[in-house]
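Coordinate inspection notes
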Amino acid sequence: MVDTYALYRRLAAYPQGRRLFSLVFEQAAPYFRTSRPRFVELRPHHAELVVRKRRRVQNHLGTVHVIAICNGLEAAMGALAEATTPPGRRWIPKGMSVDYTAKATSDIRCIAETDPQDWADGASEVPVRVRALREDGTPVVQGVIRLHISDRPTR
């Protein structure tokens, strides 16, 4: 099994390493390729990536479609979960609740965050705060993705 966070740390040390990591990450969940997330930062409790505004992800208004943004937020959440979930445990998304707060008129920075105490004492559910920001810092989507956390089965 690939340690996603270790792979990120190894590749990020090289020029174009984050871009290469982003391409590898897309292979794990091919649907992510539709929004082409490009990772900016990954560490326990924090992940950031960018979804570029390009024709493929635009809606009829010429803004970044909210589903492409949610796809980016889910990719950020997944990378955060991979970097944060304690050994011997596993995660799966349980639900997503988001609010659309402004038009997405530029490239979008997707951010996922948790606090260390969210994962304490064998938590079975972890709220991941997500937000998507335009280049000018305006939030365009904000919400929470809930993770179900459980022990890995022993074989």
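Quick note: structure is the one above.
An account of the accompanying structure is given in this report. (Residues numbered from 1 in each chain as written. Predicted model: local features only at pLDDT ≥ 70, side-chain atom pairs only at ≥ 80, totals over all residues. Heavy atoms only, no water.)

Re the side chain of R134
Structurally, R134 can be placed in the loop between strand 5 (125-133) and strand 6 (139-151). According to the relative accessible area criterion, R134 is buried, its value standing at 18%. Separated by 3.1 Å, the side chains of R134 and D136 make a polar contact. (Helix = DSSP H or I, 4+ residues; strand = E, 2+ residues; numbered from the N terminus. Buried < 20%, exposed > 50% of the residue type's maximum accessible area, 1.4 Å probe, protein only. Polar contact = N/O pair within 3.5 Å; in protein donor to acceptor, adjacent residues only side chain to side chain.)

Brief notes about the pattern of salt bridges
All chains considered together, the criterion is met by 10 salt bridges. Residue E125 pairs with K94 through a salt bridge whose shortest N-O separation is 2.7 Å. Here the residue E125 occupies a position in strand 5, and K94 occupies one in strand 3 (residues 89-100), the gap between them amounting to 31 residues. Looking at K94, the relative accessible area reads 47%, which means it is partly exposed. Salt bridges here are not isolated pairs; linked through shared partners, they connect E26, R36 and R38. (Salt bridge = Lys/Arg side-chain N within 4 Å of Asp/Glu carboxyl O.)

Notes on the pairing of strand 5
Across five bridges, strand 4 (residues 108-113) lies against strand 5 in antiparallel orientation. Residue pairing across strands places E113 opposite R129, the latter belonging to strand 5. Examined bridge by bridge, strand 5 and strand 6 share nine bridges and lie antiparallel to one another. If you follow A132 over to strand 6, its bridge partner there is V141. Taken together, strand 5 and the strand that follows it, strand 6, pair antiparallel across an intervening segment of five residues, in which G137 is found at a positive phi of about 90°. (Pairing = 2+ DSSP bridges.)

What to know about the packing of aromatic side chains
Enumeration over the complete set of coordinates arrives at five aromatic pairs. Between F21 and F39, the aromatic rings sit 5.1 Å apart at their centres with planes inclined by 80°, giving edge-to-face as the arrangement. In this pair, F21 is assigned in helix 2 (residues 17-28) and F39 in strand 1 (residues 38-43), connecting sequence segments 18 residues apart. Judged by relative accessible area, which is 4%, F39 ranks as buried. Taking the ring centre of Y5 as reference, the NZ or CZ of R9 above it sits at 4.3 Å. (Phe/Tyr/Trp six-rings, centres within 6.5 Å; stacked < 30°, edge-to-face > 60°. Lys NZ or Arg CZ within 6 Å of the ring centre and 35° of its normal.)

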